[in-house]
Amino acid sequence: MRVIICGAGQVGFGIAERLAAEKNDVSIIDTSAELIQGVRDTLDVRGFVGHGSHPEVLEAAGAQNADMIIAVTLHDEVNIVACEVAHALFDVPMKIARIRAQSYLQPHYQDLFAREHLPIDVIISPELEVGEMVLRRIALPGASDVVRFAEDKIAMVAIECLEDCPVVHTPLAQLSELFPDLPSTVVGITRGDTLFIPHSGDQLEPGDVAYVVTTREQVQRTLGLFGHEEEQATRIVIAGGGNVGLYVAKTIEQRQSRTKAKIIETVRERAVAVADQLRRTVVLHGSALDQKLLAQADIQDADLMVALTNNDQVNILSSVMAKRLGCKANLALINNPTYQDLTKSLDIDAYVNPGSVTISRVLQHVRRGRIRAVHSVQRGAAEIIEAEALETSPLVGAPLRDLDLPDGMRIGAIYREGQVIQPNGASRIKPKDRVVIFALADAVRHVEQMFRVSLEFF
């Protein structure tokens, strides 16, 4: 696939890295010569210095032959114009734009990005995506990652196995026998620096992170089985009143009437604007690194500190400080991968990577075949994929035990006519079933092939 990426920041670089590793023909554009030089030195892609919305720059990057343009610069208007130019002058088939300003995304303006107006095929709103990820983590404090599939009927949760975890040192096949009515399947395990697909005879060990696919109704029970019975936070302090912080606070007010939230915002004008949009949330003006202000926010009695500022260092330090002052748990927004590796040693309970959330949304549309959703795991080491089975798919018809599936993938659930089916050796996949699969990076291509339309079908 020939792809042009506008924007070489963390998100653009991350997308380029993933696509280049999969042998796609990638060109990346940015106004920063330094960023482009870094891309050229690091990745097997072509780099161009210039504005991604300028026709001559897009032409130099190969827009006339491109299959897709992904505009993820920091400026919404540049992303919009880049897609418009790619459509009008070069007829690029797929156009994806990152749009951050919520005013563009109001429901009554939904026709704005229609083909006859601003022809953008996919709008990605990082604030909304990250906000929903944060809310899922708040709702399930025992999970280190949470993703939903199949109209929210299926969930994938990443769960750390603690020393007293009830299911450690037990073969996975035996777990199915002990809990026959629990539709949960362990599809992947991270042990140390290694991520692998487990077999039925494998056992979980303390310190492992298990990736478990289950139904929405059984998530809490699954977490309990793994020894995680943390209560949901009802007293929350949010550091940062930006778009993500405001969205999280607003949604908490709408969905969780028992939860009391407080926001700390450094910019006075923004604090006033946020306070005007909230009904029950207390807004405090000042720094989340100010111990006196944290005490004023009753951090010592809080269940959870959620650090959502635009500064990784502030998020990390305020999270650490909150726990030192008595807060029970913390959750931080962290962009820099280097900092993410330090979270355990810094006593940070959980973090959300905004770049990974955006990259996952882009991959959903890059993947070939009937792919409905994609979530990237461990910085691209694996993907959770939801795909629709076609009549021509090699998965259809035969019992799963008879299929020659690659070693690097495991089926976690089958969704058929509103019902979730836990797969076993005798299960058969039917056309139009939606299948949730955990696939290591090397096996993603095999998954794509299984869900593509065969030419022999026509």
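Residues numbered from 1 in each chain as written. Predicted model: local features only at pLDDT ≥ 70, side-chain atom pairs only at ≥ 80, totals over all residues. Heavy atoms only, no water.

Would you mind going over the overall build of the protein chain with me for this structure?
When helices and strands are tallied, the protein chain shows 14 helices and 22 strands. For 458 residues, the compact-globule estimate of 2.2 N^0.38 gives 23 Å, and the C-alpha radius of gyration of the protein chain, at 23 Å, lies within 12% of that figure. Across its three principal directions, the C-alpha atoms of the protein chain cover 70 × 65 × 45 Å. Counting over 458 residues, the protein chain shows a buried share of 53%. Once local pairs closer than 6 in sequence are excluded, the contacts in the protein chain between residues at least 24 apart make up 63%. For the protein chain, the exposed area adds up to about 21100 Å²; of that, 49% sits on carbon and sulfur atoms. Seen as two clouds, the 46 positive and the 60 negative side-chain charges of the protein chain have centres 4 Å apart. (Helix = DSSP H or I, 4+ residues; strand = E, 2+ residues; numbered from the N terminus. Rg over C-alpha atoms; globule rule 2.2 N^0.38 Å. Buried < 20%, exposed > 50% of the residue type's maximum accessible area, 1.4 Å probe, protein only. Contact = heavy atoms within 4.5 Å. Areas by Shrake-Rupley, 256 points an atom, 1.4 Å probe, with all protein chains shown as cover. Lys, Arg positive; Asp, Glu negative; His and termini not counted. Charge placed at Lys NZ, Arg CZ, Asp CG, Glu CD.)

It is not clear to me how the side chain of Thr 73 should be interpreted in this structure. Could you clarify?
In this fold, Thr 73 is placed in the loop between strand S4 (68-71) and helix H4 (76-90). Within the structure, Thr 73 has its side chain in polar contact with the backbone oxygen of His 75 (distance 3.1 Å). With near-sequence residues (within four places) excluded, Thr 73 lies in contact with Cys 6, Gly 7, Val 78, Asn 79 and Arg 98. (Polar contact = N/O pair within 3.5 Å; in protein donor to acceptor, adjacent residues only side chain to side chain.)

Looking at this structure, how should I read the UniProt feature "domain: RCK N-terminal" (unreviewed entry) in the protein chain?
Under the feature "domain: RCK N-terminal" (unreviewed entry), the UniProt entry names residues 1-124 and 233-352. A distance of 17 Å separates the end C-alpha atoms of residues 233-352, which is 38% helix and 22% strand. (UniProt positions renumbered as here; feature names shortened; annotations may be inferred.)

In this structure, what is going on with the packing of helix H1 (residues 10-21) against helix H13 (residues 354-366)? I would like to understand it.
Helix-helix packing is described using two parameters, namely the angle between the two axes and the distance between the axes. It is at 9 Å that the axes of H1 and H13 come closest, and there the two elements cross at 45°. Viewed along their axes, H1 and H13 adopt a mutual orientation that is oblique. The element H1 and its partner H13 pack so that their crossing is right-handed. Counting all contacts with H1, which are made through Val 11, Gly 14, Ile 15, Arg 18 and Leu 19, the residues of H13 involved are Gly 355, Thr 358, Ile 359, Val 362, Leu 363 and Val 366. (Axes fitted to C-alpha atoms, helices over the stretch in contact; angles between N-to-C directions. Parallel < 35°, antiparallel > 145°, perpendicular 65-115°, else oblique. Left-handed = near helix turned anticlockwise from the far one by under 90°.)

I tried to follow the nonpolar core on my own but got confused; where do I start?
Among soluble globular proteins, nonpolar side chains are generally buried collectively. Counting 45 residues, the largest nonpolar core has Ile 5, Ile 15, Ile 70, Ile 429 and Phe 451 as its most contacted members. For this core, the leading source of residues is H1, giving five residues. No fewer than three residues from each of domain 1 (2-124) and domain 4 (359-451) sit in this core. If near-sequence neighbours (up to four positions away) are discounted, Ile 70 is found in contact with Val 3, Ile 4, Ile 5, Cys 6, Ile 15, Leu 19, Ile 96, Val 362 and Val 366. (Core = buried A, V, L, I, M, F, W, Y, C linked by side-chain atoms within 4.5 Å. Domains from an automatic or database assignment.)

Help me understand the pattern of salt bridges in this model?
For side chains bearing opposite charge, pairing can occur when the charged atoms are close. Counted according to the given criterion, the structure contains 23 salt bridges. For Asp 25, the salt bridge goes to Arg 46, with nearest N and O atoms at 3.8 Å. Of this pair, Asp 25 sits in strand S2 (residues 25-30) while Arg 46 sits in strand S3 (residues 46-49), and the two are 21 residues apart along the sequence. In this structure Asp 25 comes out as partly exposed when scored by relative accessible area, which is 37%. On the basis of relative accessible area, Arg 46 is assigned to the partly exposed category, the value being 38%. Ionic pairing is found between Arg 191 and Glu 205, a salt bridge with its closest N-O pair at 3.7 Å. On the criterion of sequence distance, the pair formed by Arg 191 in strand S9 (residues 185-191) and Glu 205 in the loop between strand S10 (194-196) and strand S11 (209-215) is long-range, its members being 14 residues apart. Classification of Arg 191 by relative accessible area gives partly exposed; the value is 28%. Using a relative accessible area of 35% as the deciding quantity, one classes Glu 205 as partly exposed. The network of salt bridges with common partners includes Glu 151, Glu 386 and Arg 434. (Salt bridge = Lys/Arg side-chain N within 4 Å of Asp/Glu carboxyl O.)

Hey, could you run me through the pairing of S11 in this one?
Within a regular strand, the side chains alternate between the two sheet faces. Counting buried positions over the seven residues of S11 gives seven, a clear majority of the element. With seven bridges connecting them, strand S8 (residues 154-160) and S11 associate as antiparallel partners. Bridged to Ala 158 within S11 is Tyr 211. Note that S9 and S11 share five bridges and pair antiparallel. Bridge assignment links Val 186 to a residue of S11, and that residue is Val 212. (Pairing = 2+ DSSP bridges.)

So what exactly am I meant to see when it comes to the sheet that holds strand S20 (residues 409-416) here?
Within a sheet, adjacent strands bond to each other through the backbone by hydrogen bonds, running parallel or antiparallel. In space, the five strands of this open sheet follow the order S18-S19-S22-S20-S21, with antiparallel pairing throughout. The open sheet has two edge strands with one neighbour each: strand S18 (371-377) and strand S21 (419-421). Recorded for the sheet is a direction-independent mean angle of 20° between the axes of neighbouring strands. Pairing geometry for S18 and strand S19 (residues 382-388), over six bridges, is antiparallel. Bridge pairing in S19 places Ala 373 opposite Glu 386.

Teacher, can you tell me more about the packing of helix H5 (residues 126-139) against helix H8 (residues 243-255) here?
At a minimum axis separation of 9 Å, H5 and H8 run at an interaxial angle of 50°. The pairing of H5 with H8 is recorded here as oblique in orientation. Of the two elements, H5 crosses H8, and the hand of that crossing is right-handed. Of H8, the residues touching H5 (which contributes Glu 127, Leu 128, Val 130, Gly 131, Glu 132, Val 134, Leu 135 and Ile 138) are Asn 243, Val 244, Tyr 247, Val 248, Thr 251, Ile 252 and Arg 255. Here the residues of the contact of H5 with H8 sort into nine nonpolar, three polar and three charged. (Nonpolar A, V, L, I, M, F, W, Y, C, P; charged D, E, K, R; others polar.)

Explain the state of the cysteines here, please?
Note: disulfide means a covalent bond formed between the sulfur atoms of two cysteine side chains. Under the definition given, this model contains zero disulfides. Cysteine Cys 83 shares no disulfide, and the gap to the nearest cysteine sulfur, in Cys 6, comes to 7.4 Å. According to the relative accessible area criterion, Cys 83 is buried, its value standing at 0%. In this structure Cys 165 is not part of a disulfide, and its nearest cysteine sulfur, from Cys 161, lies 4.3 Å away. (Disulfide = S-S within 2.5 Å.)

When you look at the environment of Gly 380 in this model, what are you seeing that I'm missing?
Within the secondary structure layout, Gly 380 lies in the loop between S18 and S19. Sequence-wise, Gly 380 and Thr 215 are 165 residues apart; in three dimensions their C-alpha atoms are separated by 24 Å.

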